[in-house]
Amino acid sequence: MDGDRTISLETIGLSRRGALKATATGAALGSTFALSVQPVQAQTMIVTPADGLTAGEVKVKTSDGKEMVAYRAMPASGTGFGTILVVQEIFGVHAHIADMCRRFAKAGYYAIAPELYFRQGDPKSQSDMQALLREIVSKVPDAQVMGDLDSTVAFAKGEGKADTAKLGITGFCWGGRITWLYDAHSPAVKAGVAWYGRVVGDATALTPKHPIDLVKDLHGPVLGLYGGADSGIPNESVDKMRAALKDGSAAAKKSEIVTYPDTPHAFNADYRPSYRKDQAEDGWKRALAWFKANGVT
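Residues numbered from 1 in each chain as written. Predicted model: local features only at pLDDT ≥ 70, side-chain atom pairs only at ≥ 80, totals over all residues. Heavy atoms only, no water.

### Examining the side chain of Arg103
- Secondary-structure assignment places Arg103 in helix α2 (residues 95–106).
- Taking relative accessible area as the criterion, Arg103 reaches 0% and is therefore assigned buried.
- Among the polar contacts listed, one links the side chain of Arg103 to the side chain of Asp99, at a separation of 2.6 Å. (Helix = DSSP H or I, 4+ residues; strand = E, 2+ residues; numbered from the N terminus. Buried < 20%, exposed > 50% of the residue type's maximum accessible area, 1.4 Å probe, protein only. Polar contact = N/O pair within 3.5 Å; in protein donor to acceptor, adjacent residues only side chain to side chain.)

Next up, the structure:
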C-alpha cells in the first residue's frame, strides 16, 4: 500500500513486541495476531495510523440479546460515510483485519469488522490451525453469521455516522465466502468484494448453500479476487463460478472475477509469507474503484 500506511506500530499505540507476541486474552480487539499464524512477517506487515480517525473496539447487540465485539474505524469528523462490513479470515478479528478497517476509514468509509465466532470461541487463542478449524470454525452456522451481520449494520446505522444506504461488504478467505453469501442475503448491499473466498462446497446443516448456489439471489455486483496458484480453491471452481454468474441475477451479471496468475491464497495477508505486494495493491485499488462505481461512497 502507499508509503504513509507502512509505519511503526507505536503510531497506533501498540508496541511491535506486544502486537506480534501477545495472546488474544485480555487484549483489545484487533491489537494482536492469532496464535495459529505466528510468527508474523513483520518486515512486510502494513500498519495504518489511526490519526484523523475514530477507531477501536465497540459492542454490538445481536438479535438474540447477546453482545458481540467489533472493530470499527471511521473519519474523526463528518457524517454520512459509506459503510463497509469487513469480514474476518478464519483467524477472527486480529490486527490485520483491524488494519483493513483503518485503510477503509482513511479512504473515507465507516468500516466495521464484527467478531463472528464469538459464540463458538476465541479463534485468536488457538495455536493449532486444525484445532481452530475443528473446534471453532466448523461449528459456525451461516444463518448465525447472516443475522450477526444484520445486527452490525443496525449498529452502524444507530451510531448516526454511517450511511447504511451505501452498504458494501468485503471479506478474506472464510470472509470471502461470507461476502458472497451476505450479498445474496441482504437487499441493502450495493456491492461486495470477495478476496479468495471458497465458491463451491458440500451442503451441510450449518452451510446449506455456497456462493455458486446463490448467483440468482445476488443483490449487488461482487468483485472476486483470486489467486491462480491457490492450493485450496482450484481454478476450476472459480471458472465455474465465473460461468454461473452469467446466468444469475442482474447483479450477478455485473459481477467480475479477477484471477491473478501464479498467486497463492491469502495474497493480501501482509503479515504472512503468502503476501504478494503487487497483487495486493492492485486488488486494493480495484476494491476502492468497485465500491465507488457501485454506489458505496
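Next, the rest of the story.
### A short note on the packing of aromatic side chains
- On inspection of all chains with the given rule, the structure shows eleven aromatic pairs.
- On the numbers, 4.9 Å between centres and 80° between planes, the contact of Tyr117 with Trp174 is edge-to-face. Within this pair, whereas Tyr117 is found in the loop between β4 (110–114) and α3 (129–135), its partner Trp174 is found in helix α5 (residues 174–185), the two being separated by 57 residues in sequence.
- For Trp174, a relative accessible area of 13% corresponds to the buried category.
- Within the aromatic cluster, the residues linked to one another by ring pairs are Phe172, Trp195, Tyr196, Tyr260 and Phe267. (Phe/Tyr/Trp six-rings, centres within 6.5 Å; stacked < 30°, edge-to-face > 60°.)

### Looking at the pairing of strand β6 (residues 189–195)
- The element β6 is extensively covered by neighbouring structure, given that six of its seven residues are classed as buried.
- Two strands pair when backbone bridges link them, and strand β5 (residues 162–172) and β6 are joined in this way by six bridges, in the parallel orientation. Residue pairing across strands places Phe172 opposite Trp195, the latter belonging to β6.
- Following the backbone out of β5, through α5 and into the adjacent parallel β6, one traces a crossover that is right-handed. (Pairing = 2+ DSSP bridges. Right-handed = clockwise from strand over helix to strand, strands pointing away.)

### Comments concerning unusual backbone geometry
- Across the junction of Gln38 and Pro39, the peptide omega takes the value 5°, indicating a cis bond.
- The topology assignment puts Pro39 in the loop between α1 (16–21) and β1 (53–61).
- A positive phi angle is found at Asp262, which is not glycine, with a value near 55°.
- With phi around 60°, Ala266 is a residue other than glycine that occupies positive phi space.
- By the secondary structure assignment, Ala266 is in the loop between β8 (256–260) and α8 (277–293).
- The exposure class of Ala266 is buried, given its relative accessible area of 1%.

Function-wise, these values are silent; they only describe arrangement.
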